[in-house]
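Secondary and tertiary structure notes
As a plain string of letters, each chain reads:
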Amino acid sequence: MTDIKFRSDMSVDLITHTANPDLMVAMAARVSTLGSDSLPTLATDKEEQSGLINFLIKNRHGSPVEHSSFTFLISAPIFVWREIQRHRMASYNEESGRYKQLEAVFYVPDHNRCLVQTGKTGAYTFVQGSEEQEVLVSDIVQYQSTESYYYYLEMLEQGVAKEVARMVLPLNIYSSAYVTMNARGLMNFLSLRTQNENSTFPSFPQREIAMVADQMENIWAAKMPITWTAWNNNGRVCP
Ligand SMILES: Cc1cc2nc3c(=O)[nH]c(=O)nc-3n(C[C@H](O)[C@H](O)[C@H](O)COP(=O)(O)OP(=O)(O)OC[C@H]3O[C@@H](n4cnc5c(N)ncnc54)[C@H](O)[C@@H]3O)c2cc1C
């Protein structure tokens, strides 16, 4: 009997990133006036770096931010991947349902996931479901995922190709991919896929992609504190 696993979380790991990513932004901006002499001054003067980066973000000079990039390994359900992959300013390599048997790991909303939508299109709010709704969602999601996976396995056992058998799998099955974004692409992604009171242009992302975006933001902010602070203080607008 195959073990079917249910998760209610997303995972985001940083695989690699540009060394000194804040410094790189300042150097890229200063090359226009100092040429190759930009490095020595900026490397030692954090205040200069910080003032310059704040100026760039505030005035939407975005190209210097493109030199710093981050590669994440993300594991999320396919309905979340559909949203992530709408962001074209990123590079993706994802596990293949044609070449690999997909693992029996499925998303199920936990108690913290509000289940009921109220309000009009574009101005929804979500409220907690009743106990009956929580049980209903949890039971149906788990039942349907299990059934689908067994049909998937049955077809594989009968010699059907993976790319055909996968057609019965639901959108809540997990997939993993490497995602590389430069910091400008990240700012665009985070401005749309997080909810934050500092945002000049508030966005209302689905909770599950926000769970991914929040982790990406925490990782990015720790590696690029100067740029993150400038972006956050200037309304979280992508320059
Ligand atoms: C809350 C929310 C709801 C959404 N609902 C829907 C929906 O109902 N249906 C739907 O289809 N999508 C929906 N989307 C997806 C949305 O339309 C975008 O595809 C997605 O957010 C990616 O944004 P982006 O194009 O800015 O990002 P990227 O593709 O990373 O592009 C970054 C920037 O590069 C520039 N750029 C990239 N490609 C081009 C191009 N071809 N031409 C000109 N400039 C370009 C633009 O300035 C763009 O902002 C939704 C997104 C959000 C956040």
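The structure reproduced in this document is the subject of the present report. (Residues numbered from 1 in each chain as written. Predicted model: local features only at pLDDT ≥ 70, side-chain atom pairs only at ≥ 80, totals over all residues. Heavy atoms only, no water.)

On to the overall build of the protein, then. Secondary structure assignment for the protein yields nine helices and eight strands. Summarising its shape, the C-alpha atoms of the protein cover approximately 65 × 45 × 25 Å along the three principal directions. Here the protein holds 239 residues, and 40% of them are scored as buried. Contacts in the protein between residues at least 24 apart in sequence constitute 76% of all its contacts with a sequence separation of at least 6. Summed over all atoms, the accessible surface of the protein reaches about 13200 Å², with 51% contributed by carbon and sulfur. For the protein, the centre of its 20 positive side-chain charges and the centre of its 26 negative side-chain charges are spaced 8 Å apart. (Helix = DSSP H or I, 4+ residues; strand = E, 2+ residues; numbered from the N terminus. Buried < 20%, exposed > 50% of the residue type's maximum accessible area, 1.4 Å probe, protein only. Contact = heavy atoms within 4.5 Å. Areas by Shrake-Rupley, 256 points an atom, 1.4 Å probe, with all protein chains shown as cover. Lys, Arg positive; Asp, Glu negative; His and termini not counted. Charge placed at Lys NZ, Arg CZ, Asp CG, Glu CD.)

Turning our attention to the side chain of Glu-217. By secondary structure assignment, the location of Glu-217 is in helix α8 (residues 207-223). Here the side chain of Glu-217 touches Trp-228 through a polar contact of 2.8 Å, side chain to side chain. The contact partners of Glu-217, leaving out residues within four places of it in the chain, are Leu-190, Thr-194, Trp-228, Trp-231 and Arg-236. (Polar contact = N/O pair within 3.5 Å; in protein donor to acceptor, adjacent residues only side chain to side chain.)

Take the pattern of salt bridges next. The final tally for this structure, using the stated rule, is nine salt bridges. As a salt-bridge pair, Arg-7 and Asp-9 come within 2.9 Å of each other at their nearest N and O atoms. Bridged by salt links that share partners, the residues Glu-95, Lys-100 and Glu-103 form one connected network. (Salt bridge = Lys/Arg side-chain N within 4 Å of Asp/Glu carboxyl O.)

So, on to the packing of aromatic side chains. Enumeration over the complete set of coordinates arrives at six aromatic pairs. Seen in terms of ring centroids, Phe-70 and Phe-72 are 6.5 Å apart; in terms of plane orientation they differ by 20 degrees. Their pairing is stacked. Owing to a relative accessible area of 0%, Phe-70 belongs among the buried residues under this scheme. Given the relative accessible area of 0%, Phe-72 is considered buried. Ring geometry for Trp-220 versus Trp-231: centroids 5.5 Å apart, planes at 70 degrees, classification edge-to-face. In this pair, Trp-220 is assigned in helix α8 and Trp-231 in helix α9 (residues 225-233), connecting sequence segments 11 residues apart. Residue classification places Trp-220 among the buried positions, given a relative accessible area of 0%. Of the residues examined, Trp-231 reaches a relative accessible area of 0% and is grouped as buried. One aromatic cluster in this structure is built from Phe-6, Phe-106, Tyr-149 and Tyr-152. (Phe/Tyr/Trp six-rings, centres within 6.5 Å; stacked < 30°, edge-to-face > 60°.)

Its location among the elements puts Lys-100 in the loop between β4 (91-94) and β5 (105-107). Sequence-wise, Lys-100 and Glu-163 are 63 residues apart; in three dimensions their C-alpha atoms are separated by 9.1 Å. In contact with Lys-100, not counting residues within four places along its chain, are Glu-95, Tyr-152 and Lys-162.

This next bit is on the sheet that holds strand β8 (residues 174-182). Strand-to-strand pairing in sheets goes through backbone hydrogen bonds, with the strands running parallel or antiparallel. Across the sheet, four strands lie side by side as β2-β3-β8-β4; this open sheet has antiparallel pairing. Since the sheet does not close on itself, it has two edges, and those belong to β2 (11-17) and β4, each with one partner. The mean angle between the axes of side-by-side strands here comes to 20 degrees, regardless of whether they run parallel or antiparallel. Here strand β3 (residues 69-77) runs beside β8; their pairing, made up of nine bridges, is antiparallel. Paired with Pro-77 across the two strands is Tyr-174, which belongs to β8. (Pairing = 2+ DSSP bridges. Axes fitted to C-alpha atoms, helices over the stretch in contact; angles between N-to-C directions.)

We now examine the packing of helix α7 (residues 183-193) against α8. Axis separation between α7 and α8 bottoms out at 10 Å; the angle between their running directions is 140 degrees. If you check the angle between α7 and α8, you find them oblique. For the pair α7 and α8, the crossing hand works out as left-handed. The segment α7 lies against α8, with Ala-183, Leu-186, Met-187, Phe-189, Leu-190 and Arg-193 engaging Ile-209, Ala-210, Ala-213, Met-216, Glu-217 and Trp-220. Within the contact of α7 with α8, the residues separate by chemical class into 10 nonpolar, no polar and two charged. (Parallel < 35°, antiparallel > 145°, perpendicular 65-115°, else oblique. Left-handed = near helix turned anticlockwise from the far one by under 90°. Nonpolar A, V, L, I, M, F, W, Y, C, P; charged D, E, K, R; others polar.)

Next up on the list: the site of the ligand. Around the ligand, the surrounding shell consists of Arg-86, His-87, Arg-88, Met-89, Asn-188, Leu-192, Arg-193, Ser-203 and Phe-204. Between the ligand and Arg-88, the relevant distance is 2.6 Å, taken from an oxygen atom to a main-chain nitrogen or oxygen of the residue. Contact distances for the ligand include 3.1 Å between an oxygen atom and a side-chain N or O atom of Asn-188. In isolation the ligand offers 940 Å² of accessible surface; the protein chains occlude 45% of this area. Residue composition of the shell around the ligand, by class: three nonpolar, three polar and three charged. (Near = heavy atom within 4 Å.)

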